[in-house]
Amino acid sequence: MLTRNCLSLLLWVLFDGGLLTPLQPLPPQTSPGKQREHAAPLPGRRSPAQRVKRGWVWNQFFVLEEYMGTDPQYVGKLHSDLDKGIGTVKYTLLGDGAGTIFTIDDTTGDIHAIKSLDREEKPFYTLRAQAVAIESGKPVEPESEFIIKVQDINDNEPKFLDGPYVATVPEMSPVGAYVLQVRATDADDPTYGSSARVVYSILEGQPYFSIDPKTGVIRTALPNMDREVKEQYQVLIQAKDMGGQLGGLAGTTTVNITLTDVNDNPPRFPKSIFHLKVPESSPVGSGIGRIRAVDPDFGRNAEIEYTIVPGDGGNLFDITTDESTQEGIIILKKALDFETKKAYTFKVEASNVHLDHRFHSAGPFKDTATVKISVLDVDEPPVFSKPVYSMEVYEDTPIGTIIGAVTAQDLDLGSSSVRYSIDRNSELDSYFMIDATEGTIATNNLLDRETTAQYNVSVIASKISNPLLTSKVKVIIHVLDVNEFAPELYLQNEMTVCENAKAGQIIQFIGATDKDLSPTGQKFSFRLPPEASSNPNFTIHTYNNSTAGVEARRNRYSRRQQEFYTLPVVIEDSSYPIQSSTGTLTIQVCRCNANGVLLSCSAEAIFLPVGLSTGALIAILLCIIILSAIVVLYVALRKQKKKDTLMTSKEDIRDNVIHYDDEGGGEEDTQAFDIGALRNPKVIEEKKIRRDIKPEPLCLPRLRPQAEDNTDIRDFIIVRLQENDGDPSAPPYDSLATYAYEGTGSVAESLSTIESLTTEAEQDYDYLSDWGPRFKTLAEMFGEEESYKADKVT
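Residues numbered from 1 in each chain as written. Predicted model: local features only at pLDDT ≥ 70, side-chain atom pairs only at ≥ 80, totals over all residues. Heavy atoms only, no water.

K.L.:
Tell me about the overall build of the chain, residues and numbers included.
P.N.:
Looking only at helices and strands, the chain has 5 helices and 39 strands in total. Across the 794 residues of the chain, 34% fall into the buried class. Contacts spanning at least 24 positions in sequence make up 65% of the contacts within the chain whose residues lie at least 6 apart. Only carbon and sulfur atoms are counted for the fraction: they give 54% of the accessible area of the chain, which is about 49,700 Å². (Helix = DSSP H or I, 4+ residues; strand = E, 2+ residues; numbered from the N terminus. Buried < 20%, exposed > 50% of the residue type's maximum accessible area, 1.4 Å probe, protein only. Contact = heavy atoms within 4.5 Å. Areas by Shrake-Rupley, 256 points an atom, 1.4 Å probe, with all protein chains shown as cover.)

See the structure below:
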């Protein structure tokens, strides 16, 4: 490199007779705005006879980077045609690095670089030159701009900015599979020479991988690279400039390549037979052993599924996969019994869960092994013949009566005798006892089904040879009922009958209760006792669902004649021995509407006026109370009017606001307050009749015509109305005048018995039914009296 730099410098020095002048313009790069024509003879050359153009024109100089000489590096020379060489012109240099990097001889115009330059830091410098007359100080040439370009040398090696690299490629990939692309950068000038032209090559990693020398793409170079053989590869990549020629600079990086797994290996059992020993006392559902198949693959490609091949013992065992270890866990499905069978043999198959169809040609991805299980004998507790025992016993059974037995035996080899006992956890367990040898259960107390209908007793069986080995069984004892209680009459609501009931009508349903069993377990029958079988009012109708209905035997019942009826009823159950009892029903007569809805059952309702219900009577009483309150209020207001006015001083005519709690009777009612304060005092002194004082009645005779005997009452009312309208003594407030008149045309005519010629006994009231709905209640009342009299006569 030093030799090359020296040769370049020598060429610069020797160029054009040893002098570099700016008088040779570069036409392609001349700036038109800064051109000037001069006569410019070149130093060391004879001037031609003809006149030539003078020029202060140049574009750029070149200077080598990384100059290592001891003297300043010569760059070039500035010279003006007007400089005759007698020291009248002075040269100056301005711009990038002027004075610090570049210096100029103000007399000769020689430019030197006093520092070593680096093109990678700054590739060129822009400067301005000026030629000035020393005497006048005026420019002899216009200011001109030129560039000093740093000439590149190959001083930078290629660099991998992203290295070291990490890459993956699936195992068993074909030759030429893409792995990764690397890229190196060179800081040298790519437009000058081959300093920045990079070529890639592999220093380490062959023959497994290859690289494209121009693009840097790494690919596989060998087929069927197996991850299970070698998983990690480290490849050393070199990038060399100068197109890879001798003398170029180089940079290296490493690429760590990992082969990723594919499912190219089936699972394999390390041995063909697995031996397991399992105690017969192992609980159902527990894991009794583990087996494992080996798969050299990794991750999901190594997931294994285990299955039991149908055969001997396959129905007693199951197998699942432990996801963390990929082991097969054998699970017990049914209880083992050494005395029944001591060994089991079955086959287990292991296969991959996720298959890769590219490798199916290599064979099936599964393997089979044999599992032999030996059952170990364990000293076990006695075993009862049933999981639960159920027994029955009648209540009041004598103490010591045997009601059943439990049985347990030792199934182990060399069986031992069994002892029985009752696990007494409560007082109810003391009602029974058990024979310790035979296992028979007997009563230890009198039983009552109505108190406790079922007992749950726990019986313990233990081996005499090993009392610690025990087993327990549940015994359910049902206490059977003995029919010892008579049924009782059950009535949900009070028994009532409507006055307008008809013969054959069911007025209410009745039932029965029995302390012996629930009503669903008993059937009851109902009947009248012999002495009441001919009851003319009511009878009993029995149904098959252990209920009965009370049936009316006649039409119409009257509260005034008889308000309550009694009816004896005999109830019998269906158990043995049959129990019966007699109950008495009390039936109350009530008033109902036409639909059979109860209206009133109270005794005082009998004496109410015909056609008025209890609600109507209450409404009438409320109206009377309200009218009485209105009258009392009216009298109190009348007394208030006679009091003195609130204003006692005639001279005090200031406004007064008076509070009173009476709304008054309208605009004419001024008796509730004194309005004298609102009037003119002069007007007050005048003796006029005050409007707020009730005027005294005028002593005018009121002419009241005498009503003739045959005058219609309507004419009489009209006369009275006109009389009140013309009365001058009527109060100045509203008043209520009530005039009652029935009118004429009643189909009933007069109901008075004054002119009646017949007696009550001879009167026939059947015609009341023809008068319509308004006289329906009256017809029912007189119809009941007639029916009642007929019954008395019979």
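We are not done yet, so read on.
K.L.:
Let's hear about the nonpolar core: which residues, and what values?
P.N.:
With 25 residues, the main nonpolar core has Phe269, Phe317, Ile330, Val348, Val371 and Ile373 as its most contacted residues. Looking at this core, the elements that each hand over two or more residues are β15 (273–279), β16 (287–292), β17 (304–309), β18 (317–322), β19 (327–332), β20 (343–352) and β21 (366–376). Excluding residues that lie within four positions of it along the chain, phenylalanine 269 makes contacts with Phe274, Ile291, Arg292, Ala293, Tyr306, Val348, Ala350, Asp367, Thr368 and Ala369. (Core = buried A, V, L, I, M, F, W, Y, C linked by side-chain atoms within 4.5 Å.)

K.L.:
Which residues make up the sheet that holds strand β2 (residues 73–77), and what values do they have?
P.N.:
A sheet is described by the order of its strands in space; here 3 strands give the open sequence β2-β5-β4, paired in antiparallel fashion. Two strands close off the open sheet at either side, each with one partner strand: β2 and β4 (102–104). For this sheet, the mean inter-axis angle between neighbouring strands, taken without regard to orientation, is 25°. For β2 and strand β5 (residues 110–113), the ladder comprises 4 bridges, and the chain directions are antiparallel. From the neighbouring strand, glutamine 73 faces β5, where its bridge partner is alanine 113. (Pairing = 2+ DSSP bridges. Axes fitted to C-alpha atoms, helices over the stretch in contact; angles between N-to-C directions.)

K.L.:
Quick rundown of the pairing of β21? Include the residues and the values.
P.N.:
Two elements, β15 and β21, share 7 bridges in a ladder whose sense is parallel. Note on β21: the bridge partner recorded for isoleucine 273 is threonine 370. Bridge count for β20 against β21 is 9 bridges, and the pairing is antiparallel. Within β21, the residue paired with serine 351 across the bridge is lysine 366.

K.L.:
So what's going on with the side chain of aspartate 322? Residues and values would help.
P.N.:
Mapped onto the elements, aspartate 322 comes out in strand β18. According to the relative accessible area criterion, aspartate 322 is buried, its value standing at 17%. In this view, aspartate 322 contacts Arg290, Glu327 and Ile329; residues no more than four positions away in its chain are not counted.

K.L.:
Tell me about a nonpolar patch on the surface, residues and numbers included.
P.N.:
Side chains of Leu617, Ile620, Leu621 and Ile624 sit close together on the surface and give an oily, nonpolar patch of about 320 Å² of accessible area. Inspection of the secondary structure puts leucine 617 in helix α2 (residues 614–641). A relative accessible area of 31% means that leucine 617 is categorised as partly exposed. (Patch = residues over 30% accessible without salt bridge, like charges linked within 9 Å, V, L, I, M, F, W, Y side chains within 5 Å. Salt bridge = Lys/Arg side-chain N within 4 Å of Asp/Glu carboxyl O.)

K.L.:
Before we move on, could you go through the sheet that holds strand β31 (residues 488–490) and cite the residues and values that matter?
P.N.:
One open sheet holds the 4 strands; their spatial order is β31-β33-β36-β35, and the pairing between them is antiparallel. On the outer flanks of this sheet lie β31 and β35 (538–542), each paired with one strand and no other. Pairwise comparison of adjacent strand axes, ignoring direction, gives a mean angle of 35° for this sheet. Two strands pair when backbone bridges link them, and β35 and strand β36 (residues 548–552) are joined in this way by 5 bridges, in the antiparallel orientation. Of the residues in β36, the one forming a bridge with histidine 541 is glycine 549.

K.L.:
Tell me what's going on with unusual backbone geometry, and back it up with residues and numbers.
P.N.:
Negative phi is the rule for most residues except glycine; trans is the rule for most peptide bonds. The amide bond that connects glycine 163 to the next residue, proline 164, takes the cis arrangement and shows omega of -5°. As for its placement among the helices and strands, proline 164 is situated in the loop between β7 (144–151) and β8 (165–170). Cis rather than trans, the peptide bond between glutamine 206 and proline 207 has omega equal to 10°. In this structure, methionine 242 is a non-glycine residue whose phi angle is positive, near 60°. With respect to the helices and strands, the residue methionine 242 is situated in the loop between β13 (232–240) and β14 (250–260). Residue glutamine 326 is not a glycine yet carries a positive backbone phi of 60°. Among the secondary structure elements, glutamine 326 is positioned in the loop between β18 and β19.

K.L.:
I'd like a description of the pattern of salt bridges, backed by residues and values.
P.N.:
One side chain can pair with another of opposite charge once the charged atoms of both are near each other. Inspection of every chain in the model, using the stated rule, returns 15 salt bridges. Here lysine 77 ties to aspartate 110 by a salt bridge, and the two come within 3.2 Å at their closest N and O atoms. Of the two residues, lysine 77 is situated in strand β2 and aspartate 110 in strand β5; the sequence distance between them amounts to 33 residues. The two residues lysine 77 and aspartate 110 agree in class, both being buried. For aspartate 379, the salt bridge is made with lysine 463, and the minimal N-O distance between the two is 2.5 Å. Of this pair, aspartate 379 sits in the loop between β21 and β22 (383–384) while lysine 463 sits in strand β29 (residues 454–463), and the two are 84 residues apart along the sequence. Taking relative accessible area as the criterion, aspartate 379 reaches 41% and is therefore assigned partly exposed. A single salt-bridge network, built from bridges that share partners, covers Arg227, Glu228, Glu231 and Asp261.

K.L.:
Please provide a residue-by-residue account of the environment of arginine 197, values included.
P.N.:
Relative to the helices and strands, arginine 197 resides in the loop between β9 (178–181) and β10 (199–204). As for arginine 197 and lysine 214, which are separated by 17 residues in sequence, their C-alpha atoms are 9.4 Å apart.

K.L.:
Provide a residue-level description of the packing of aromatic side chains, including the pertinent values.
P.N.:
For the structure on display, the rule yields 16 aromatic pairs. Both rings, one in tyrosine 431 and one in tyrosine 455, keep their centres 5.5 Å apart while their planes meet at 35°; by these two values the pair is tilted. Pair noted here: tyrosine 431 is in the loop between β26 (418–423) and β27 (432–434) and tyrosine 455 is in strand β29, with a separation of 24 residues, a long-range link. On the basis of relative accessible area, tyrosine 431 is assigned to the partly exposed category, the value being 23%. Under the relative-accessibility criterion, tyrosine 455 is labelled buried at 4%. By way of ring pairs, the aromatic residues Tyr208, Phe209 and Tyr233 are connected into one cluster. A cation sits over an aromatic face here: lysine 342 above phenylalanine 338, 4.8 Å from the ring centre. (Phe/Tyr/Trp six-rings, centres within 6.5 Å; stacked < 30°, edge-to-face > 60°. Lys NZ or Arg CZ within 6 Å of the ring centre and 35° of its normal.)

K.L.:
Could you give me a rundown of the state of the cysteines, with the residues and numbers involved?
P.N.:
What the rule picks out here adds up to 2 disulfides. The disulfide partner of cysteine 498 is cysteine 592, and the S-S distance across this bridge is 2.0 Å. On the sign convention where negative is left-handed, the bridge of cysteine 498 and cysteine 592, at about -80° about the S-S bond, is left-handed. Separated by 94 residues along the polypeptide, cysteine 498 in strand β32 (residues 495–498) and cysteine 592 in strand β38 (residues 580–592) bring together distant segments of the chain. A single burial state applies to cysteine 498 and to cysteine 592, both of which are buried. Disulfide pairing places cysteine 590 opposite cysteine 601 at an S-S distance of 1.7 Å. For the disulfide bridge between cysteine 590 and cysteine 601, the dihedral angle about the S-S bond is near 115°, and by the sign convention the bridge is right-handed. (Disulfide = S-S within 2.5 Å.)

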